[in-house]
Number of protein chains: 2
Amino acid sequence: MNITNKKYEARSKEEQQFLDNYNPGEYAPIAVTVDAVVFGVIKNASDNYRKLDSQSLKILLIKRDEYPYKNWYTLPGGFVSPEETLEDTLERTLESKTGLKEIYSEQLYTFGGINRDPRMRIISCAYISLIDAGKARINGAEWFDIEEAKKITLAFDHNLIIEEAIKRIRGKINYTDIVFNMMPTEFTISQLQEVYEIILGEKLLAPAFRRTIADKIVDTGKMTSNAGHRPSRIFIRK
Amino acid sequence: MNITNKKYEARSKEEQQFLDNYNPGEYAPIAVTVDAVVFGVIKNASDNYRKLDSQSLKILLIKRDEYPYKNWYTLPGGFVSPEETLEDTLERTLESKTGLKEIYSEQLYTFGGINRDPRMRIISCAYISLIDAGKARINGAEWFDIEEAKKITLAFDHNLIIEEAIKRIRGKINYTDIVFNMMPTEFTISQLQEVYEIILGEKLLAPAFRRTIADKIVDTGKMTSNAGHRPSRIFIRK
């Protein structure tokens, strides 16, 4: 989206004067933060050599090392500084926690409850970020299974933010290509189905699933090779 | 959505001390505003007595009476004050401009460009609001046709906000009941079709349209009466 960053020029002397005399410090300070619900698909090494590695959908959480909510888990996030757009703050936060740039992100919702932070009035613009976890270098953060993360009482209103984020990707998975932002470049249909099932929270029938995603993927002609199980076709996103 | 408004209690003396010493004034002030893209369907008195009144989809704009952008048109909006949630600010703004409470609204996007306002760093949380224009008492605002509003250069980044708002309702009209928030309680199918056509920016075929909305409406059994044209069935939202 196009963002307005060009400087405004006053149209008259009176207006310039008005602006020169405008004192932002007169208003009660409000701070703005950006918080990210980072989803990633993690490969679990299979304990059965006959099976393909299974995968699980995880959320990135950080243990706070300062007040308030010291030692509580929280979403990665940070204060928007005066010279940063919301997207800049998001990028800075995500890069420092995952080592990744150009992460697929979309705005989720802006949370403006009055007492959501005990330090001061803080309004948080929350994002959903989807990463190919295989490429991330996690730094000061930990991956949690979604179901596990939902059970932890997080700092601030972050449980609510996660709840909304899960609703959002669940609602979008079938009519967008959002899921491919979490997949490695090459994948099998059953790996893709596994991710859909985790997000939707239900088992899908393989034939119906194949029809749903047929238009979104391309067969590479390659096959997986693993002594233990039957080879599977490898696909990429169309 | 559930919003956290309960006060935080410090878990230790050290934490209470930290909070007592926290000085929000040390940070560069950021202000937060709420801006609303208010859509309404307005009946145009027909100049042909044989035709039903036609309708058009309009947006509510306000002429600014102070700097910056004095005398420019702008979206209705206001500053979020410390004791208000985003939704409180929205409700206050909309009530003062339309006389209506409990307006259907949803968050659109939060705009955080650095120079979007010349007074100070102002981040705006934009909402879409849909009203039954027949019930509104417009106060200090004017209705503009969508196409007309798009041609006016508005204050701040409000052209961009309107553009995003139109994309959003256009994207949602077919898979949600969003449109009924703009309709009067009773309507004919052709009146409803007219609103769909304005939002989508294209003519629809009547039989296909009837199939699309069949599940969403109920026949009241009543008919319109107007000496000039054939009576039409009157429907309500299911």
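Here, every reference points to the structure presented above.
Note that the structure is a prediction, hence the values are computed from the model and not measured.

Looking now at the packing of helix α5 (residues 189-200) of chain A against helix α6 (residues 206-213) of chain A. Residues and elements named next belong to chain A. Where α5 meets α6, the closest approach of the two axes is 11 Å, and the angle between their N-to-C directions is 95°. Accordingly, the angle class assigned to the pair α5 and α6 is roughly perpendicular. Along the contact surface, α5 presents Ile189, Leu192, Gln193 and Tyr196, while α6 presents Ala206, Phe209, Arg210 and Ile213. Across the contact of α5 with α6, the residue classes break down as six nonpolar, one polar and one charged.

Here a ring pair, both rings aromatic, is described through the centre-centre distance and the interplanar angle of the planes. Residue and element names in this part refer to chain A. By the definition in use, this model includes 19 aromatic pairs over all chains. When the centroid spacing of 5.9 Å and the interplanar angle of 50° are considered together, the rings of phenylalanine 18 and tyrosine 22 count as tilted. Among the residues examined, tyrosine 22 registers a relative accessible area of 13% and is labelled buried. The ring of tyrosine 67 is capped by lysine 70, whose NZ or CZ atom sits 4.8 Å from the centre of that ring.

Moving on: the interface of chain B and chain A. Across the contact, 54 residues belong to chain B and 54 residues belong to chain A. Counting each side, the surface lost to burial between chain B and chain A is near 4800 Å², with a carbon and sulfur contribution of 65%. Summed over the shared surface of chain B and chain A, the result is zero salt bridges. At the junction of chain B with chain A, the criterion picks out 16 residue pairs in polar contact (both at pLDDT 80 or more). Elements supplying a minimum of two residues to the side of chain B that touches chain A: α1 (13-21), α2 (86-98), β5 (104-111), β6 (122-131) and α4 (158-172) of chain B.

This paragraph deals with the relation of the copies chain B and chain A. Put simply, the second copy of the chain is the first one after a rotation about an axis and a shift along it. For the pair chain B and chain A, the best superposition has an RMSD of 0.0 Å and corresponds to a rotation of 180° with a translation of 0.0 Å parallel to the axis. What the rotation and shift describe, once combined, is the action of a two-fold rotation axis.

Residue and element names in this part refer to chain B. One pass over the structure, following the stated rule, counts 24 salt bridges over all chains. Linking arginine 116 and aspartate 157 is a salt bridge whose minimum nitrogen-to-oxygen distance equals 2.7 Å. Of the two residues, arginine 116 is situated in the loop between β5 and β6 and aspartate 157 in the loop between α3 (146-151) and α4; the sequence distance between them amounts to 41 residues. A single burial state applies to arginine 116 and to aspartate 157, both of which are buried. Residue lysine 222 is joined to glutamate 186 by a salt bridge in which the shortest nitrogen-to-oxygen separation is 2.5 Å. Of this pair, lysine 222 sits in strand β8 (residues 217-223) while glutamate 186 sits in the loop between α4 and α5 (189-200), placing them 36 residues apart in sequence. The class for glutamate 186 is partly exposed, based on a relative accessible area of 35%.

Scoring rules and cut-offs
- Residues numbered from 1 in each chain as written.
- Chains lettered and ligands numbered in written order.
- Predicted model: local features only at pLDDT ≥ 70, side-chain atom pairs only at ≥ 80, totals over all residues.
- Heavy atoms only, no water.
- Axes fitted to C-alpha atoms, helices over the stretch in contact; angles between N-to-C directions.
- Helix = DSSP H or I, 4+ residues; strand = E, 2+ residues; numbered from the N terminus.
- Parallel < 35°, antiparallel > 145°, perpendicular 65-115°, else oblique.
- Contact = heavy atoms within 4.5 Å.
- Nonpolar A, V, L, I, M, F, W, Y, C, P; charged D, E, K, R; others polar.
- Phe/Tyr/Trp six-rings, centres within 6.5 Å; stacked < 30°, edge-to-face > 60°.
- Buried < 20%, exposed > 50% of the residue type's maximum accessible area, 1.4 Å probe, protein only.
- Lys NZ or Arg CZ within 6 Å of the ring centre and 35° of its normal.
- Buried area = accessible area lost by both parts, 1.4 Å probe.
- Salt bridge = Lys/Arg side-chain N within 4 Å of Asp/Glu carboxyl O.
- Polar contact = N/O pair within 3.5 Å; in protein donor to acceptor, adjacent residues only side chain to side chain.
- Least-squares fit on C-alpha atoms with pLDDT ≥ 70 in both.

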